[in-house]
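# Chain and residue survey
Residue strings, one per chain:
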Amino acid sequence: MVAAGLGVPSWDVLHQGISRSTGLPFGWVVNGVGALVLLTWIPLRVRPGIGTISNILVVGLVADASLSILPTPGILAVRVALLLGGTALNAVATGLYIGAGLGPGPRDGLMTGLARHGISIRAARTAIEVAVVAGGWLLGGTVGVGTVLFAATIGPLTQLSLRRLRLAK
């Protein structure tokens, strides 16, 4: 989605804004924000798992490595396909890794923690996405049509994905 150049996902607006404001590498910010978001889990009584720790340690490194080698395609149709595919894959990946029961990533743990307190996944995820876009934009993060599309659709897509991909108990 970042390589599509049509606007970054919501959390990446925040990560980008912090990176630009502090001069820290994007991937370090991704990992650092993930660690800080764990503090929001305390009042929600969400417990981390191996998936949580792996997310904090790996996602930022993979983001930096991927962004260093991925070209930005010039053809708009390819860019739109990357944007739409990235959004759909994000929802499916979220359903798969949360559904596996190994612990949500920090950002998704915030969403699932709110859901345990009576807020739908769709509503929790959408509210979080809008809040981080606003904060990231104020810090200088890039907002585009892809950002708006992602923020508006990832909550409902994630709710659908979690329903379909959760392990039976």
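These remarks concern the structure in this document. (Residues numbered from 1 in each chain as written. Predicted model: local features only at pLDDT ≥ 70, side-chain atom pairs only at ≥ 80, totals over all residues. Heavy atoms only, no water.)

Here the focus is the overall build of the chain. Of regular secondary structure, the chain possesses eight helices and zero strands. Along its sequence from the N terminus, the chain presents helices and strands in the succession α-α-α-α-α-α-α-α. The C-alpha atoms of the chain give a radius of gyration of 15 Å, which matches the 15 Å a tight globule of 169 residues would have. Along the first, second and third principal axes, the C-alpha atoms of the chain reach 45 × 35 × 25 Å. Looking at the 169 residues of the chain, the share that counts as buried comes to 44%. Look at the contacts in the chain between residues 6 or more apart in sequence, and 76% of them connect residues 24 or more apart. When the accessible surface of the chain is totalled, it reaches about 8,900 Å², and 71% of it is carbon and sulfur. Put simply, the chain has 12 plus and 4 minus side-chain charges, and the middle of one group is 12 Å from the middle of the other. (Helix = DSSP H or I, 4+ residues; strand = E, 2+ residues; numbered from the N terminus. Rg over C-alpha atoms; globule rule 2.2 N^0.38 Å. Buried < 20%, exposed > 50% of the residue type's maximum accessible area, 1.4 Å probe, protein only. Contact = heavy atoms within 4.5 Å. Areas by Shrake-Rupley, 256 points an atom, 1.4 Å probe, with all protein chains shown as cover. Lys, Arg positive; Asp, Glu negative; His and termini not counted. Charge placed at Lys NZ, Arg CZ, Asp CG, Glu CD.)

One finds W11, V33, V37, L110, M111, I128 and L162 to be the most contacted residues of the largest nonpolar core, which totals 16 residues. For this core, the secondary structure elements donating two or more residues are helix 1 (10-22), helix 2 (26-37), helix 3 (41-44), helix 6 (106-116) and helix 7 (121-138). Here the element with the most residues in this core is helix 7; it accounts for four residues. Among all residues touching M111, those that are not within four sequence positions of it are T94, I98, I121, A124, R125, I128, T158 and L162. Core analysis: the second largest hydrophobic core is formed by seven residues, M1, L6, A91 and F150 among them. (Core = buried A, V, L, I, M, F, W, Y, C linked by side-chain atoms within 4.5 Å.)

Functional significance is not addressed by these values, which are geometric in nature.
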